[in-house]
Amino acid sequence: MGIKGLSQVLADHAPGCMKENEIKNYFGRKVAVDASMCIYQFLIAVRQDGSQLTNDEGETTSHLMGMFYRTIRMVENGIKPVYVFDGKPPDMKSGELEKRKERRDEAQKALEQAEEAGDAENIEKFNRRLVKVTKQHNEECKELLKRMGIPYIDAPCEAEAQCAALVKSGKVWATGTEDMDSLTFGSSVVLRHLTFSEARKMPIKEYHYSKILEGLELSQEEFIDLCILLGCDYCESIRGIGPKRAIDLIKQHKSIDEIVKHLDTKKYTVPEDWMYKEARELFKNPEVADPDTLELKWSEPNEEELIEYMVSQKGFNEDRIRSGIKKLTKARSGSTQGRLDGFFTVLSTSSTTPKRKAEDTKGSAKKKAKGGFKKPK
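Reference entry: report on the structure contained in this document. (Residues numbered from 1 in each chain as written. Predicted model: local features only at pLDDT ≥ 70, side-chain atom pairs only at ≥ 80, totals over all residues. Heavy atoms only, no water.)

### Things to note about the overall build of the protein chain
Counting its regular elements, the protein chain contains 16 helices and nine strands. When the 377 residues of the protein chain are sorted by exposure, 44% land in the buried category. Across the protein chain, contacts joining residues at least 24 apart in sequence account for 71% of those joining residues at least 6 apart. When the accessible area of the protein chain is evaluated, it comes to approximately 21100 Å², of which 47% is carbon and sulfur surface. (Helix = DSSP H or I, 4+ residues; strand = E, 2+ residues; numbered from the N terminus. Buried < 20%, exposed > 50% of the residue type's maximum accessible area, 1.4 Å probe, protein only. Contact = heavy atoms within 4.5 Å. Areas by Shrake-Rupley, 256 points an atom, 1.4 Å probe, with all protein chains shown as cover.)

Structure representation (structure tokens):
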């Protein structure tokens, strides 16, 4: 789920934190991509006649097709992706996972009813609701990425938290995900819709964390508490408090602790044994691998290993896979040059260096000696 309604809150109250961009404008950028989110998208979107793609053995292959071609698309546009896979979910997420299980059980019952009635539209709808990323899906995508020469990381816990840690350490420039809680974890830049199909014609949404805090006029701690009030995966929220009220309360009281002290409990229901403090701590200090210990290495794709895996094992068309490999190889050879701004270091935050100031002063003196500036008409 991420953070409930956060994208709309930012659009309404901090519009300057987000801009839309084209994928080609991220040439030379290293991006940590939430792998599980991508795989989930592929399992839902990459379909034929309403069903997931399968090979002759009946094995699902939608996720491999999506991972192969979307990764090539990123590399063709000069992006260097590193995929981050989820580890074990934190104990605090058990409640959210239980809710998801209940929703899947309901969808399963509805699917059975639709199948009995022969309702094709509802059969497809409830099949999509039952999609779940499995360990096998993850392992198969890792095998594919190895052969493509694309690095990946197994996060000890939440992938979004690990992505944010990579961004904050400077290992990569941004997080690529649809989950807005990557911002709550403190990722400096978040890119949404990065792995969407070009056919969907959706621009990439680029969020900047510093501008979020500036636009909302909140500190990091206050922003985390706002996200918990809006609704996160790790604890319940206060019933009856919507986005606008949540912002007003945070700005007035600065923390959930103070909000609870002054809240009208007849009007609003505070959860019993509310674990907001634990959720806050999880966002501030999540379990992640130390980015300094992680080596990110992009290498040439191994054509024969890719053919053996994607064609011989998974049943994809050989000509199409070879064509994809050629695109990947060509894109890699054409994207070795980094971004121009990577070659320069900012020496001063002032707009004019001392030397330039001296030259400007000297130039002004000469102009004054010649009669000064003309007055505007």
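From this point, the narrative continues.
### Here's the deal with the packing of aromatic side chains
For the coordinates displayed, the defined rule picks out seven aromatic pairs. With a centroid separation of 4.8 Å and 55° between ring planes, the pair formed by Trp 274 and Tyr 276 is classed as tilted. Across the pair, Tyr 276 and Trp 274 agree in class, each one buried. The residue whose ring lies beneath Arg 29 is Trp 173, and the NZ or CZ to ring-centre distance is 4.1 Å. One cation-aromatic arrangement involves Lys 142 over Phe 85; the distance from NZ or CZ to the ring centre is 5.1 Å. (Phe/Tyr/Trp six-rings, centres within 6.5 Å; stacked < 30°, edge-to-face > 60°. Lys NZ or Arg CZ within 6 Å of the ring centre and 35° of its normal.)

### Describing the pairing of strand E9 (residues 204–208)
Most of E9 is tucked away, with four of its five residues classed as buried. Taken together, the four bridges between strand E1 (residues 18–21) and E9 define a ladder with antiparallel strand orientation. What sits directly across from Met 18, in E9, is Tyr 207. (Pairing = 2+ DSSP bridges.)

### Describing the pattern of salt bridges
Scanning the model with the defined rule gives 18 salt bridges in all. Glu 143 is the partner of Lys 146 in a salt bridge, and the nearest nitrogen-oxygen pair spans 3.4 Å. In this pair, Lys 146 and Glu 143 are both assigned in helix H6 (residues 135–148), three residues apart and thus about one turn of the helix distant. Using a relative accessible area of 47% as the deciding quantity, one classes Lys 146 as partly exposed. (Salt bridge = Lys/Arg side-chain N within 4 Å of Asp/Glu carboxyl O.)

### A closer look at empty space enclosed by the protein
Under the criterion given, the structure shown has one cavity of 30 Å³ or more. Roughly 40 Å³ of volume is contained in the largest cavity. Elements that contribute at least two residues to the lining of the largest cavity include exactly strand E2 (30–34) and helix H2 (35–45). When grouped by side-chain class, the residues that make up the lining of the largest cavity number five nonpolar, five polar and two charged. (1 Å grid on protein atoms, 1.4 Å probe; cavity = no way out; pocket = protein on both sides within 12 Å on 5 of 7 lines; lining within 4 Å. Points joined across faces, edges and corners; volume = space filled by probe spheres on them. Nonpolar A, V, L, I, M, F, W, Y, C, P; charged D, E, K, R; others polar.)

### Looking at the nonpolar core
Counting 51 residues, the largest nonpolar core has Tyr 83 and Leu 144 as its most contacted members. A total of six residues in this core trace back to one element, the largest contributor, which is helix H3 (residues 62–76). Apart from residues lying up to four places away in sequence, Tyr 83 is in contact with Val 33, Ala 35, Cys 38, Met 67, Thr 71, Met 74, Leu 145, Ile 150, Pro 151, Tyr 152 and Ile 153. Counting residues in hydrophobic clusters, the runner-up holds 43 residues, among them Ile 3, Leu 183, Phe 185 and Cys 235. (Core = buried A, V, L, I, M, F, W, Y, C linked by side-chain atoms within 4.5 Å.)

### Thoughts on the sheet that holds E1
Within the open sheet, the seven strands sit side by side as E1-E9-E8-E7-E2-E5-E6. Their pairing is mixed. Looking at the sheet topology across the chains shown, the edges are occupied by E1 and strand E6 (152–154). Each neighbouring strand pair of the sheet contributes to a mean axis angle of 25°, computed without reference to strand direction. By the bridge criterion, three bridges tie E2 to strand E7 (residues 174–176) in an arrangement that is parallel. The residue of E7 that forms the bridge with Val 31 is Ala 174. Relative to E2, helix H7 (residues 159–169) is tilted by about 170°, and along the sheet it contacts E2, strand E5 (80–85), E6, E7 and strand E8 (189–192). (Axes fitted to C-alpha atoms, helices over the stretch in contact; angles between N-to-C directions.)

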